[in-house]
Amino acid sequence: MSDASAGEVSELEAQEARLVLPRFTYEDAWTLGGLLVGMARERRAPVAIDIRRGPQQLFHCALPGSSADNDAWIDRKRRVVERYGVSSFLVGARFRAKGTTFEASSRLDPDRYAAHGGAFPVAVEGAGVIGSVTVSGLPQAEDHAMVVEALERLLSSYASASG
């Protein structure tokens, strides 16, 4: 395993350990979706956004420049989060760190699963992973970074509200 790959995996694992929410209600899903839409509009990002709790879709938005292809990517990346319980970007990074690719080594149908950045687990304290938030439309590292930034803002808003 190369140092860069080990560093990337460690950094992604640290993000997930840090981004555990105290709760995740319907209102929180709306707030998170609004944060992502605002960020995407500000950046003129042609993305689609999807937020789920279990199998229920709580939020979906497609912004100008996105297409039905983005919805297909959302489904493929979300399935990786549901199967592995970690971000789609982390799953891909773990395979790369082993010197292979998700597509070559996972034995999963690439038409149904994509270990590309942009889908992130919604984890709640004491409950674990209860859903996912996904962005599709930018290069995978940027999709991932947008989700992380929005989750950081949401987590920060909880801290502000309680103290």
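Refer to the structure presented above.
Here's a quick rundown of the structure. Here the structure is a predicted model, which means the values were calculated and not measured.

Calculation rules
Counting restarts for each chain: residues are numbered from 1 in the order of the written sequence. Local features in a predicted model are, by the rule used here, given only for residues with pLDDT of at least 70; side-chain atom pairs are given and counted only at 80 or more, and totals for whole chains, interfaces and linings are based on all residues. Hydrogens and water are ignored here; the side-chain numbers use all heavy atoms of the structure. Under this scheme, a helix contributes an axis fitted over its contacting stretch, all axes are lines through C-alpha atoms, and angles between N-to-C directions fall in the 0 to 180 degree range. Counting from the N terminus, the helices are the DSSP runs of H or I reaching at least four residues and the strands are the DSSP runs of E reaching at least two. Roughly parallel covers angles under 35 degrees, roughly antiparallel covers those over 145, roughly perpendicular covers 65 to 115, and oblique covers all other angles. For this analysis, residues touch if any pair of their heavy atoms sits within 4.5 Å. Each residue is assigned to one of three groups, with Ala, Val, Leu, Ile, Met, Phe, Trp, Tyr, Cys and Pro labelled nonpolar, Asp, Glu, Lys and Arg labelled charged, and all others, Gly among them, labelled polar. When two rings of Phe, Tyr or Trp (its six-membered ring) have centres within 6.5 Å they constitute a pair, described as stacked for plane angles under 30 degrees, edge-to-face for angles over 60, and tilted for the intermediate range. Only protein chains enter the area calculation, which uses a 1.4 Å probe; residues under 20% of their type maximum are buried, those over 50% are exposed, and those in between are partly exposed. A ring is considered to have a charge above it if a Lys NZ or an Arg CZ atom is located within 6 Å of its centre and within 35 degrees of its normal. In this analysis, the expected span of each helix is defined as 1.5 Å times one less than the number of residues it contains. Think of it this way: DSSP has to see at least two bridges between two strands before they count as a pair. Between Lys or Arg on one side and Asp or Glu on the other, a salt bridge is scored when a side-chain nitrogen of the former is within 4 Å of a carboxyl oxygen of the latter.

## Things to note about the packing of helix H3 (residues 68-84) against helix H4 (residues 88-97)
Running from N to C, H3 and H4 cross one another at 75°; their axes reach a closest spacing of 8 Å. Relative to H4, the element H3 lies roughly perpendicular. Residue-level contacts link Lys-77, Val-80, Val-81 and Tyr-84 of H3 to Ser-88, Val-91 and Phe-95 of H4. In terms of residue class, the contact of H3 with H4 is made up of five nonpolar, one polar and one charged.

## Here we look at the packing of aromatic side chains
Under the definition given, this model contains three aromatic pairs. Centroid distance Trp-30 to Phe-59: 5.6 Å. Interplanar angle 70°. Geometry classified as edge-to-face. Of the two residues, Trp-30 is situated in helix H2 (residues 26-43) and Phe-59 in strand E3 (residues 56-62); the sequence distance between them amounts to 29 residues. For the pair Phe-95 and Phe-102, a centre-to-centre distance of 5.5 Å together with 85° between the ring planes defines the contact as edge-to-face. Looking at Phe-102, the relative accessible area reads 3%, which means it is buried. Grouping aromatic residues by their ring pairs yields a cluster made of Tyr-84, Phe-95 and Phe-102. A cation over an aromatic ring shows up here: Arg-76 above the ring of Trp-73, its NZ or CZ 4.3 Å from the ring centre.

## Quick word on helix H6 (residues 140-162)
An ideal rise of 1.5 Å per residue puts 33 Å on 23 residues; H6 measures up with 34 Å between its terminal C-alpha atoms. Restricting attention to buried positions, one finds in H6 the residues Asp-143, His-144, Met-146, Val-147, Val-148, Ala-150, Leu-151, Leu-154 and Tyr-158.

## Notes on the sheet that holds strand E2 (residues 48-53)
With mixed pairing, five strands are arranged side by side in an open sheet as E1-E4-E5-E2-E3. Pairing within the sheet leaves two strands with one partner each, and these edge strands are strand E1 (20-21) and E3. Across six bridges, the pairing between E2 and E3 is antiparallel. The residue of E3 that forms the bridge with Arg-52 is Gln-57. Along the sheet, H2 makes contact with E2, E3 and strand E5 (128-136), crossing E3 at roughly 20°.

## Let's talk about the pattern of salt bridges
Taken as a whole and judged by the stated rule, the model has ten salt bridges. The salt bridge involving Asp-143 is made with Lys-77; its shortest N-O contact spans 3.0 Å. Highlighted residues: Asp-143 in helix H6 and Lys-77 in helix H3, separated in sequence by 66 residues. The pair formed by Asp-143 and Lys-77 is uniform in burial state, with each residue classed as buried. A salt bridge links Arg-153 to Glu-149; the nearest nitrogen and oxygen atoms lie 2.7 Å apart. Taken together, the residues Arg-153 and Glu-149, both in helix H6 and four residues apart, mark about one turn of the helix. Accessibility expressed as a relative area gives 37% for Arg-153, which makes it partly exposed.

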